[in-house]
Number of protein chains: 4
Amino acid sequence: MKDIQSQNDSRKIPIDKVGIEDLIYPIRVMDRANVLQHTIAKVKLSVELPHNFRGTHMSRFVEVLNKHSNNITLHNIEDILDELKKVLKAEKSYLEFEFPYFMKKKAPVSGMESYMNYLCRFIASKGEKFDFIVEVNVPVHTLCPCSKEIADRGAHNQRAEIQIQVRTLKLVWIEELVELAEESASGPLFALLKRSDEKLITEKAFDTPRFVEDVVREVAIKLYNEPRVYWFKINVKSFESIHNHNAFASVEIDKRQ
Amino acid sequence: MKDIQSQNDSRKIPIDKVGIEDLIYPIRVMDRANVLQHTIAKVKLSVELPHNFRGTHMSRFVEVLNKHSNNITLHNIEDILDELKKVLKAEKSYLEFEFPYFMKKKAPVSGMESYMNYLCRFIASKGEKFDFIVEVNVPVHTLCPCSKEIADRGAHNQRAEIQIQVRTLKLVWIEELVELAEESASGPLFALLKRSDEKLITEKAFDTPRFVEDVVREVAIKLYNEPRVYWFKINVKSFESIHNHNAFASVEIDKRQ
Amino acid sequence: MKDIQSQNDSRKIPIDKVGIEDLIYPIRVMDRANVLQHTIAKVKLSVELPHNFRGTHMSRFVEVLNKHSNNITLHNIEDILDELKKVLKAEKSYLEFEFPYFMKKKAPVSGMESYMNYLCRFIASKGEKFDFIVEVNVPVHTLCPCSKEIADRGAHNQRAEIQIQVRTLKLVWIEELVELAEESASGPLFALLKRSDEKLITEKAFDTPRFVEDVVREVAIKLYNEPRVYWFKINVKSFESIHNHNAFASVEIDKRQ
Amino acid sequence: MKDIQSQNDSRKIPIDKVGIEDLIYPIRVMDRANVLQHTIAKVKLSVELPHNFRGTHMSRFVEVLNKHSNNITLHNIEDILDELKKVLKAEKSYLEFEFPYFMKKKAPVSGMESYMNYLCRFIASKGEKFDFIVEVNVPVHTLCPCSKEIADRGAHNQRAEIQIQVRTLKLVWIEELVELAEESASGPLFALLKRSDEKLITEKAFDTPRFVEDVVREVAIKLYNEPRVYWFKINVKSFESIHNHNAFASVEIDKRQ
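Residues numbered from 1 in each chain as written. Chains lettered and ligands numbered in written order. Predicted model: local features only at pLDDT ≥ 70, side-chain atom pairs only at ≥ 80, totals over all residues. Heavy atoms only, no water.

Concerning the overall build of chain A
In terms of regular secondary structure, chain A is built from six helices and nine strands. For the C-alpha atoms alone, the extent of chain A along its principal axes is close to 75 × 35 × 35 Å. Split into buried and exposed, the 257 residues of chain A put 62% on the buried side. Taking all contacts inside chain A whose residues are at least 6 apart in sequence as the whole, residues at least 24 apart take part in 64%. Of the roughly 9,900 Å² of accessible surface on chain A, a fraction of 48% belongs to carbon and sulfur atoms. (Helix = DSSP H or I, 4+ residues; strand = E, 2+ residues; numbered from the N terminus. Buried < 20%, exposed > 50% of the residue type's maximum accessible area, 1.4 Å probe, protein only. Contact = heavy atoms within 4.5 Å. Areas by Shrake-Rupley, 256 points an atom, 1.4 Å probe, with all protein chains shown as cover.)

Set out below in structure tokens:
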């Protein structure tokens with residue numbers, strides 16, 4: 001059968017990225033306890049396409065994924081990118097895995113255990129060099145400092161979300177980024193709380209008011225002081241309980257500059 | 001050209017509903033002040049198909065919509081359904097319009113004006129009789145009575161959403177349902193608040209704690225006592241600020257029973 | 001600490017359903033090969049609340065889930081509902097698990113294997129009786145019979161989705177419903193196809209044109225003739241490639257009537 | 001009342017962007033025929049915050065929007081950004097409006113008219129200079145050249161979406177970008193087609209097969225040759241009808257380099 005994709009293309013336009021996305025696939029990711037966690041990823045894989053080829057070969061992306069999905073780790077990801085470059089004859093390859101990651105958490109007073117789910121993303125590419133970003137999305141609790149100050153009683157508070165992206169010199173575990181985010185808000189979230197826990201969490205949040213501006217800075221300071229991290233981007237979004245729109249704040253710092 | 005849709009079908013299976021959905025279309029809806037409000041609807045239109053016809057004629061749904069989209073009112077909706085029955089030779093026709101509906105609101109102390117957006121739905125059908133449901137989705141503020149009671153200071157609160165569906169004997173305006181919902185929560189939401197407003201709203205919410213169970217009952221009592229409404233369904237969903245999941249409560253009452 | 005939820009309520013309004021939703025939780029589901037498949041569920045759990053109680057106890061839903069999430073089967077689900085009734089002192093309990101379910105599929109000519117993902121739902125309740133619905137959502141390929149007939153060459157085709165819900169007398173596996181759906185369309189989908197497969201699939205779809213009306217009837221006939229199924233509801237939605245809206249058709253049949 | 005936001009901040013971390021997002025607001029946009037089109041925007045507004053201020057004043061974003069939402073044009077957008085800088089005492093301000101934009105289209109043979117909806121975005125900022133990006137998202141039809149070549153009959157085809165972002169020296173209308181996108185695919189989409197139109201469109205798509213790689217290059221050539229455009233980014237996504245994942249291709253070109 002004719003290979004239309006390999007035909008010569010005369011339009012003189014190289015394509016930055018061509019590939020597949022929104023592929024839902026079962027993967028296993030190594031967690032901090034060195035256990036392979038089963039999860040489900042939304043996968044995006046692509047390569048550069050030189051100007052003289054008409055198309056890429058889409059099925060090869062899935063063939064490469066099939067070989068590696070059982071064990072997604074830092075080293076494995078570089079292997080996937082190398083293999084994509086090879087089988088697709090490309091100078092550069094790109095990869096994104098978006099997946100829920102579960103951590104078992106204990107309620108602070110009752111000690112009851114349950115799972116919390118953090119949406120994570122591995123964003124990587126390999127041209128001459130390997131580039132790797134870890135992203136975590138951490139739902140938290142924020143209580144408004146202005147509302148607390150001006151009101152005679154109470155203070156509005158709400159669910160918020162902290163997104164952290166890092167580039168690192170050495171491995172930083174997802175669990176470390178989640179903990180760092182939770183310590184920067186008015187409080188963490190849990191799937192299971194008893195009344196004794198709810199009392200503590202309510203009071204602690206009231207004692208720790210945080211604007212989105214405060215949260216983004218608290219996270220930034222912690223990442224700035226973490227020597228393994230050399231670049232980071234933080235976005236905090238608060239689902240305001242007195243508005244139907246959201247407040248946000250973002251900071252990006254490259255320590256090499 | 002051959003009319004494949006009109007071919008005889010021998011499979012003996014009538015189809016309950018066949019039609020189009022997810023059509024995004026500009027419409028104009030009459031508001032309480034008798035002004036035609038420009039908005040954008042997600043439209044779903046369908047008919048019953050007898051067992052002996054192979055298919056319906058999809059383009060006719062859009063032709064009928066085209067004639068009427070400039071003025072969507074209660075009477076107009078029954079006309080659309082009648083026309084769908086006629087042009088598609090059907091015994092029963094169905095229609096859904098989902099659209100954002102804007103109300104100008106004044107902040108309670110500063111008096112500053114801004115627009116709030118409420119997602120609404122008209123759900124209607126006509127077989128022998130005309131059936132019409134109005135749905136409004138009203139974002140509100142809820143403050144947890146348990147958290148307030150057990151904590152020495154503060155109380156967790158969050159954005160919540162009240163969905164109301166009604167069948168009525170006489171016209172009930174969207175604006176009336178929105179106001180009724182907002183009065184049943186710990187407080188309403190606004191797009192624009194100054195500090196004096198935020199103080200009032202924070203204190204009022206603290207003085208009006210509401211579980212989802214409370215909110216759904218407060219709305220139910222109001223609708224029960226409204227003589228124009230003969231059937232209603234209420235769903236309240238609270239985006240809990242101490243959990244990453246939501247709490248909900250629902251009630252459906254048919255007064256004719 | 002005071003138990004606000006257990007306070008007496010004087011508003012005389014029983015609540016149909018109160019509970020939690022949008023809880024993301026790792027579960028394991030038994031597949032046809034008797035293997036426990038790891039997946040991730042969006043969970044909704046609720047109970048009836050009598051008029052004289054102010055609130056339910058939300059944390060107990062998660063406690064019950066924690067005990068059972070390792071093995072979700074038909075029997076297990078009835079146990080969860082019984083336990084919810086008991087710990088929440090309710091007359092009726094409700095449960096929904098929505099989860100991606102993976103099946104390994106071979107491409108028809110090359111034999112290459114890959115995973116396809118089908119979104120499934122278990123919808124169950126227990127009052128006096130146990131009610132259980134299995135839902136599968138199966139992406140397929142549809143080719144328009146009208147376009148094929150009237151055009152001199154080609155025919156428009158597109159991705160479509162078949163949703164099937166069944167109540168059964170005896171266990172029907174998810175795999176059986178998926179296969180039955182795929183056989184009712186112009187063709188099934190795959191994650192991985194080589195050129196030899198693509199040729200076969202293209203030609204087969206061209207030889208098997210199907211309106212949404214055809215697909216819904218083909219599925220209905222198969223379920224009608226399956227003695228284990230006593231009730232079913234089918235919805236077919238086609239993401240039309242010549243329109244920016246979708247076509248749909250639905251049928252519900254209760255064989256006991 | 002105390003102004004907490006204006007407090008001095010000692011953490012030494014300037015914030016890149018702080019503001020509001022997901023605000024749903026009615027706006028009016030000027031179209032090519034110089035008519036103000038009513039639509040509904042999702043609005044994002046933000047400013048830079050110097051390291052020494054604790055917070056921004058969120059309500060002022062909505063106050064500025066209120067003044068200008070009746071007439072969103074290129075000049076107006078720069079005014080909004082200038083005003084945000086002024087009232088929020090910021091060095092740089094940012095704005096995004098995402099909105100459905102309607103164009104009346106005639107079916108190619110029958111001449112029947114209906115509205116097509118294109119999701120658009122204005123992305124702008126003003127520091128020392130004004131930067132303005134127009135984005136359009138155009139749903140189209142693509143037919144696979146490989147499938148056509150290897151199959152004895154038919155060819156798989158599907159809905160696809162072309163996203164174009166441009167920076168320009170002189171005004172380019174949304175309508176021009178939509179038309180340019182539609183001419184680059186296997187065919188355009190319509191809300192309303194009769195059988196004579198469907199015949200033409202089916203045949204034309206069969207005669208104009210296009211990979212995502214082809215589409216992105218066809219758009220790139222047209223934008224490259226358009227002197228008003230000095231920078232563009234194109235992303236094409238095809239909702240493959242034989243897979244449950246999507247194919248994509250993207251190109252970004254800055255002509256000044």
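So much for the structure itself; the text now carries on.
A few points about helix H6 (residues 212-224) of chain D
For H6(D), spanning 13 residues, the distance from its first C-alpha to its last is 18 Å, which sits close to the expected 18 Å at 1.5 Å a residue. The buried fraction of H6(D) is high, at ten of 13 residues. (Expected span 1.5 Å × (residues − 1).)

Brief notes about the interface of chain D and chain A
Taken together, the contact pairs 53 residues of chain D with 53 residues of chain A. Taken together, both faces of the contact between chain D and chain A bury some 4,300 Å²; the carbon and sulfur share is 56%. Summed over the three residues of chain D that lose the most area to chain A, namely Arg11(D), Arg217(D) and Phe248(D), the buried surface amounts to 18% of that side. Linking chain D with chain A are 14 salt bridges. (Buried area = accessible area lost by both parts, 1.4 Å probe. Salt bridge = Lys/Arg side-chain N within 4 Å of Asp/Glu carboxyl O.)

Concerning the domain arrangement of chain A
Residues and elements named next belong to chain A. When the domains of chain A are assigned, the result is domain 1 (1-95) and domain 2 (107-257). Domain 1 and domain 2 are separated by 31 Å when their C-alpha centres are compared. With 16 residues of domain 1 at the interface, the matching set in domain 2 holds 13 residues. Scanning the region where domain 1 abuts domain 2 turns up three salt bridges. The salt bridge involving Glu179 is made with Arg32; its shortest N-O contact spans 2.9 Å. Taken together, domain 1 and domain 2 are joined by seven residue pairs in polar contact (both at pLDDT 80 or more). Put simply, the parts of the chain that give the side of domain 1 that touches domain 2 at least two residues each are strand S1 (15-30), helix H2 (74-87) and strand S3 (93-106). Ranked by residue count, the leading element in the side of domain 1 that touches domain 2 is H2, at six residues. Looking at the side of domain 1 that touches domain 2 residue by residue, the classes come out as eight nonpolar, one polar and seven charged. (Domains from an automatic or database assignment. Polar contact = N/O pair within 3.5 Å; in protein donor to acceptor, adjacent residues only side chain to side chain. Nonpolar A, V, L, I, M, F, W, Y, C, P; charged D, E, K, R; others polar.)

Observations concerning a negative patch on the surface
Together, Asp16(A), Glu48(A), Glu91(A), Glu128(A) and Glu252(D) make up a negatively charged patch on the protein surface. Here Glu48(A) is to be found in strand S2 (residues 36-49). (Patch = residues over 30% accessible without salt bridge, like charges linked within 9 Å, V, L, I, M, F, W, Y side chains within 5 Å. Lys, Arg positive; Asp, Glu negative; His and termini not counted. Charge placed at Lys NZ, Arg CZ, Asp CG, Glu CD.)

Remarks on the relation of the copies chain D and chain A
In summary, the two copies of the chain are related to each other by a rotation about an axis coupled with a shift along it. When chain D is brought onto chain A, the operation consists of a screw motion whose angular component is 180 degrees and whose axial shift is 0.0 Å, with 0.0 Å RMSD remaining. A rotation of that kind, with that shift, is consistent with a two-fold axis. Here 100% of the interface residues in chain D have copies in chain A that are interface residues too; the copies meet face to matching face. (Least-squares fit on C-alpha atoms with pLDDT ≥ 70 in both.)

Some remarks on the packing of helix H1 (residues 58-68) of chain A against H2(A)
Residues and elements named next belong to chain A. Two elements in contact, H1 and H2, have axes separated by 10 Å at closest approach and are oriented at 150 degrees. Between H1 and H2, the angle falls in the class roughly antiparallel. Viewed along their axes, H1 and H2 form a crossing whose handedness is right-handed. Contacts between H1 and H2 involve Arg60, Phe61, Val64, Lys67 and His68 from the former and Asn76, Asp79, Ile80, Glu83, Leu84 and Val87 from the latter. The class makeup of the residues in the contact of H1 with H2 is five nonpolar, two polar and four charged. (Axes fitted to C-alpha atoms, helices over the stretch in contact; angles between N-to-C directions. Parallel < 35°, antiparallel > 145°, perpendicular 65-115°, else oblique. Left-handed = near helix turned anticlockwise from the far one by under 90°.)

Structural notes on the interface of chain D and chain B
Each partner contributes to the interface: chain D provides 29 residues, whereas chain B provides 29 residues. Roughly 2,400 Å² of surface becomes buried between chain D and chain B when both sides are summed, with 67% attributable to carbon and sulfur atoms. When residues of chain D are sorted by the area they lose upon contact with chain B, Met1(D), Ile40(D) and Arg195(D) head the list and together hold 23% of the total. Here chain D and chain B share three salt bridges between them. Applying the counting criterion to the chain D and chain B interface returns twelve residue pairs in polar contact (both at pLDDT 80 or more). Sorting the residues of the side of chain D that touches chain B by element identifies strand S1 (15-30), strand S2 (36-49), helix H1 (59-68), strand S3 (93-106), strand S4 (113-126) and helix H5 (195-207) of chain D as the ones contributing at least two each. Looking at the side of chain D that touches chain B, the element that brings in the most residues is H1(D), giving five residues. Here the residues of the side of chain D that touches chain B are counted per class, giving 14 nonpolar, seven polar and eight charged.

Description of the pattern of salt bridges
Pairing between side chains of opposite charge can happen when their charged atoms approach one another. Applying the stated criterion across every chain yields a total of 102 salt bridges over all chains. Note that Lys199(B) and Asp152(A) form a salt bridge whose closest N and O atoms lie 3.3 Å from each other. With Lys199(B) in helix H5 (residues 195-207) and Asp152(A) in the loop between helix H3 (145-150) and strand S6 (157-168), the pair connects residues from two separate chains. On the basis of relative accessible area, Asp152(A) is assigned to the exposed category, the value being 61%. Connected through shared salt-bridge partners, Asp9(A), Arg11(A), Arg54(A), Asp214(D), Arg217(D) and Glu218(D) make up one network.

Quick notes on the packing of helix H1 (residues 59-68) of chain B against helix H2 (residues 74-87) of chain B
Residues and elements named next belong to chain B. Following both chains from N to C, one finds H1 and H2 inclined at 150 degrees, their axes separated by 10 Å at the closest point. In terms of their interaxial angle, H1 and H2 are classed as roughly antiparallel. For the pair H1 and H2, the crossing hand works out as right-handed. Contacts between H1 and H2 involve Arg60, Phe61, Val64, Lys67 and His68 on the former and, on the latter, Asn76, Asp79, Ile80, Glu83, Leu84 and Val87. A per-class count over the contact of H1 with H2 returns five nonpolar, two polar and four charged.

Overview of unusual backbone geometry
For Lys89(B), which is not glycine, the phi dihedral falls at a positive 50 degrees. With respect to the helices and strands, the residue Lys89(B) is situated in the loop between H2 and strand S3 (93-106). For Lys89(B), a relative accessible area of 68% corresponds to the exposed category. In this structure, Asn34(C) is a non-glycine residue whose phi angle is positive, near 60 degrees. Here Asn34(C) shows up in the loop between strand S1 (15-30) and strand S2 (36-49). What makes Asn34(C) exposed here is its relative accessible area of 56%.

Notes on the pairing of strand S8 (residues 229-238) of chain D
All names here are of chain D. Of all ten residues in S8, seven are buried, a share of seventy percent or more. Taken together, the nine bridges between strand S6 (residues 157-168) and S8 define a ladder with antiparallel strand orientation. Bridge pairing links Gln163 to Asn235 in S8. In this sheet, strand S9 (residues 246-254) lies alongside S8 in antiparallel orientation, the contact comprising eight bridges. Within the sheet, the bridge partner assigned to Val236 lies in S9 and is Ala249. (Pairing = 2+ DSSP bridges.)

Details of the packing of aromatic side chains
Within this structure, the stated rule accounts for 24 aromatic pairs over all chains. Considering the side-chain rings of Phe99(C) and Tyr101(C), the 6.5 Å spacing of their centres and the 65 degrees angle between planes classify their relative orientation as edge-to-face. When the centroid spacing of 5.1 Å and the interplanar angle of 65 degrees are considered together, the rings of Phe99(D) and Phe122(D) count as edge-to-face. You can see Phe99(D) sitting in strand S3 and its partner Phe122(D) sitting in strand S4, a full 23 residues away along the chain. (Phe/Tyr/Trp six-rings, centres within 6.5 Å; stacked < 30°, edge-to-face > 60°.)

Quick notes on the side chain of Gln165(C)
All names here are of chain C. Of note, Gln165 is situated in strand S6 (residues 157-168). We classify Gln165 as buried; its relative accessible area is 13%. A distance of 2.7 Å separates the side chain of Gln165 from the side chain of Glu135, its partner in a polar contact. Look past the residues within four positions of Gln165 in its chain and what remains in contact with it is Ile123, Ile133, Val134, Glu135, Trp231, Phe232 and Lys233.

Some details on the environment of Ser69(C)
Within the fold, Ser69(C) resides in the loop between helix H1 (58-68) and helix H2 (74-87). In this view, Ser69(C) contacts Tyr25(C), Pro26(C), Ile27(C) and Arg28(C); residues no more than four positions away in its chain are not counted.

A closer look at the environment of Cys120(B)
Positionally, Cys120(B) belongs in strand S4 (residues 113-126). As for Cys120(B) and Glu135(B), which are separated by 15 residues in sequence, their C-alpha atoms are 5.4 Å apart.

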